[in-house]
Amino acid sequence: MSIDARAAGWPAAEVSSIGAVCSAHFCSHFLQLALAPLFIMMRADLQVSFIELGLLLSVFYLFSGAGQVAAGVLVDRFGADRLLLAGILTQGAATAAMGIAPSYVLLLPLAALAGLGNSVYHPADLSILSHKVAAPRLGRAFAAHVIAGSIGFGLSPIVSGAIGAHFGWRTALIAMGLLVVLIGLLLAVFRGPLRAPAGRAAHAAAGGTPHSFLDVLAMPVVLMAFLYFTLTAVALSGIQSFSIVALQEGFGAAVALATLAVALFQVGNTAGVAIGGHVADRSTQHHQIAMSGLAAAAAFGFLAAWLQAAPEVTVGLIALVGFCMGLTTPSRDVLVRSAAPAGATGKVFGIVYSGYDIGSLVGPLMFGLMLDHHHPRMVFVGAAAALALAVGTAFAVRRRPT
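Examining the overall build of the protein chain
At step 1: Along its length, the protein chain carries 17 helices and zero strands.
At step 2: In terms of C-alpha radius of gyration, the protein chain reaches 21 Å, essentially the compact-globule figure of 21 Å for 402 residues.
At step 3: Counting only C-alpha atoms, the protein chain reaches 60 × 50 × 45 Å along its principal axes.
At step 4: Sequence separation of at least 24 residues holds for 82% of the intrachain contacts in the protein chain that already meet a minimum separation of 6.
At step 5: Per element, the accessible surface of the protein chain, about 16,200 Å² overall, is 71% carbon and sulfur.
At step 6: Across the protein chain, 19 positive and 14 negative side-chain charges occur, with their mean positions spaced 12 Å apart.

This is how it looks when you write it as structure tokens:
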């Protein structure tokens, strides 16, 4: 990405900042899926149930979601680079410590600590990019940020599973945690590309007084952006976590084909993000891009639910849902950036991205209930309905507050 960006005439300082922020975002996603491939080994070694192991993930996301709001406030007060580096080192160290924890009970506070470390990435990353990258290139910078996280998601279960299979689950967590700590230390040494003005300095430069957290929270545009993230996260949780079971039970798909559907959804989403970054930088109507993409994704989702066709057709429609959602992502982040008053970027991103964690907590309960009552097609109906509702929120985030 750096080579291509410099060849296209991007300023070297912007390329360095994007590379540093993307490295940090990779770390977040690289550790988020580290536990899941190790559950069978952990269950046998610790003599616990899958429900207890699932509780580790719930604790992680609970503290990550709650921590994002506080992280946004701290980003504006103390600077995004300091908080980002602290988050990387905290999450890496907590993950490595889970590998040496002697009992399950000690894994719970370590999962909470890792969640707090993970909470800083979005408000810090996007605040840094907002300050370091010029507006005409901001959409592509946000797209690179998302793609780096997707690469982390893709590599995490492969690396975790491979190390765990050969050396055990403890070695896998220690190795992956220490790798992230090493990346955090390297970024700390070469932290220049991450430095951005704290909120008070940025707002003073803009000629105003700082906005308090309650001021930002009371802005209707911020609340609508929060709802936007919550609804799209609900849809994502349904497709990513429950479509495999839904395709098998409701559409007669084989296990391999159902698994392929999720993989194609991710590929489509990443391709959409890459294209969406260029689209966002060539348009000022970001709310129209977001609304159109969400509406198309909802339409394909409803079609996948109700169309009586071969399972392969449904899998193709799911991939199109992923592409359309990905296409909206850079414009979505540009919209949120436009909604942020000067000096309050961290607070805004912290509030709205906490909606992503809330949606990720609520969605599985809703879709699990559908499957328990033997309504597998309703998984796609529920995801499509959430995307359709999000169209209105994208329209509401179209203006910057005065």
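Digging into the confidence of the model for the protein chain
At step 1: Scored by pLDDT, the protein chain comes out at a mean of 85, with 92% of its residues at no less than 70.
At step 2: Within the protein chain, the element-level pLDDT minimum falls on helix α10 (residues 199-205), averaging 50, and the maximum on helix α9 (residues 169-189), averaging 96.
At step 3: Contacts of residues 203-207 to residues separated by more than four positions or lying in other chains number seven contacts, the stretch itself having pLDDT below 50.

Some points on the pattern of salt bridges
At step 1: Summed over the entire model, instances satisfying the criterion amount to five salt bridges.
At step 2: Arg137 is the salt-bridge partner of Glu14, the closest N and O atoms lying 2.7 Å from each other. With Glu14 in helix α2 (residues 12-32) and Arg137 in the loop between α7 (121-132) and α8 (138-167), the pair connects residues that are 123 residues apart, well separated along the chain.
At step 3: Take Glu14: its relative accessible area is 7%, and that puts it in the buried class.
At step 4: In this structure, Arg332 engages Asp333 in a salt bridge whose closest nitrogen and oxygen atoms are separated by 3.2 Å.
At step 5: Relative accessible area serves as the criterion here: at 12%, Arg332 is assigned to the buried category.

Notes on the nonpolar core
If you look at soluble globular proteins, the nonpolar side chains tend to sit buried side by side.
At step 1: Membership of the largest hydrophobic core comes to 109 residues, with the highest contact counts inside it found for Met42 and Leu84.
At step 2: Broken down by element, the residue count for this core peaks at 14 residues, all from helix α12 (residues 220-251).

A few points about a nonpolar patch on the surface
At step 1: A grouping of Leu62, Phe63, Leu113, Leu116, Ile358, Leu361 and Val362 is seen on the molecular surface, where their side chains present a nonpolar patch of about 550 Å² in accessible area.
At step 2: Broken down by secondary-structure element, the contributors of at least two residues to the nonpolar patch are α4 (50-78), α6 (104-118) and α16 (345-372).
At step 3: Structurally, Leu62 can be placed in helix α4.
At step 4: Classification of Leu62 by relative accessible area gives partly exposed; the value is 49%.

Let's talk about the packing of α12 against helix α13 (residues 255-281)
If you want to describe how two helices pack, look at the angle between their axes and the distance between the axes.
At step 1: At a closest axis distance of 8 Å, the pairing of α12 and α13 adopts a crossing angle of 160 degrees. In terms of orientation, α12 lies roughly antiparallel with respect to α13. Judged by the twist between their axes, the crossing of α12 over α13 is right-handed. On α13, the residues touching Leu236, Ile239, Gln240, Ser243, Ile244, Leu247 and Gln248 of α12 are Val255, Ala258, Thr259, Ala261, Val262, Phe265 and Gln266.
At step 2: Split into classes, the residues belonging to the contact of α12 with α13 amount to nine nonpolar, five polar and no charged.

Notes on α7
At step 1: In a regular helix each residue adds 1.5 Å, so 12 residues correspond to 16 Å; α7 covers 16 Å between its end C-alpha atoms and thus fits that length.
At step 2: Taken across its 12 residues, α7 has 10 buried, putting it largely inside the fold.
At step 3: Taken as a whole, α7 has its buried residues at Tyr121, His122, Pro123, Ala124, Asp125, Leu126, Ser127, Ile128, Leu129 and Ser130.

Some points on the side chain of His29
At step 1: Among the structural elements, His29 can be located in helix α2.
At step 2: We classify His29 as buried; its relative accessible area is 12%.

Structural notes on the environment of Leu33
At step 1: Position of Leu33 among the secondary structure elements: in the loop between α2 and α3 (39-46).
At step 2: The spacing of Leu33 and Leu155 is 122 residues in sequence and 9.0 Å in space, taken between C-alpha atoms.
At step 3: Setting aside chain neighbours within four positions, we find Leu33 in contact with Phe153, Ser156 and Pro157.

Considerations on unusual backbone geometry
Among all residues except glycine, the phi angle is most often negative; among peptide bonds, the trans geometry is most common.
At step 1: Even without being a glycine, Gln47 presents a positive backbone phi close to 60 degrees.
At step 2: Residue His374 is not a glycine yet carries a positive backbone phi of 60 degrees.
At step 3: Topologically, His374 is positioned in the loop between α16 and α17 (377-396).
At step 4: Looking at His374, the relative accessible area reads 64%, which means it is exposed.

What about the environment of Cys22?
At step 1: If you trace the backbone, Cys22 turns up in helix α2.
At step 2: Along the sequence, Cys22 and Leu129 sit 107 residues apart, while their C-alpha atoms lie 9.9 Å from each other.
At step 3: Residues in contact with Cys22, not counting those within four places in the same chain, are Ala144, His145 and Ala148.

Observations regarding the packing of aromatic side chains
At step 1: Enumeration over the complete set of coordinates arrives at four aromatic pairs.
At step 2: The interplanar angle of 20 degrees and the centroid separation of 5.3 Å between the aromatic rings of Phe26 and Phe30 together place this pair among those described as stacked. Here the residue Phe26 and the residue Phe30 both occupy positions in helix α2, the gap between them amounting to four residues, near one helical turn.
At step 3: Ring geometry for Tyr228 versus Phe229: centroids 6.0 Å apart, planes at 50 degrees, classification tilted.
At step 4: Look at Tyr228 and you get buried, because its relative accessible area is 2%.
At step 5: Given a relative accessible area of 1%, Phe229 falls into the buried group.
At step 6: Directly above the ring of Phe251 sits Arg377, whose terminal nitrogen or CZ lies 4.1 Å from the centroid.

Here is what the cut-offs are and how they apply
- Residues numbered from 1 in each chain as written.
- Predicted model: local features only at pLDDT ≥ 70, side-chain atom pairs only at ≥ 80, totals over all residues.
- Heavy atoms only, no water.
- Helix = DSSP H or I, 4+ residues; strand = E, 2+ residues; numbered from the N terminus.
- Rg over C-alpha atoms; globule rule 2.2 N^0.38 Å.
- Contact = heavy atoms within 4.5 Å.
- Areas by Shrake-Rupley, 256 points an atom, 1.4 Å probe, with all protein chains shown as cover.
- Lys, Arg positive; Asp, Glu negative; His and termini not counted.
- Charge placed at Lys NZ, Arg CZ, Asp CG, Glu CD.
- pLDDT = per-residue confidence, 0-100.
- Salt bridge = Lys/Arg side-chain N within 4 Å of Asp/Glu carboxyl O.
- Buried < 20%, exposed > 50% of the residue type's maximum accessible area, 1.4 Å probe, protein only.
- Core = buried A, V, L, I, M, F, W, Y, C linked by side-chain atoms within 4.5 Å.
- Patch = residues over 30% accessible without salt bridge, like charges linked within 9 Å, V, L, I, M, F, W, Y side chains within 5 Å.
- Axes fitted to C-alpha atoms, helices over the stretch in contact; angles between N-to-C directions.
- Parallel < 35°, antiparallel > 145°, perpendicular 65-115°, else oblique.
- Left-handed = near helix turned anticlockwise from the far one by under 90°.
- Nonpolar A, V, L, I, M, F, W, Y, C, P; charged D, E, K, R; others polar.
- Expected span 1.5 Å × (residues − 1).
- Phe/Tyr/Trp six-rings, centres within 6.5 Å; stacked < 30°, edge-to-face > 60°.
- Lys NZ or Arg CZ within 6 Å of the ring centre and 35° of its normal.

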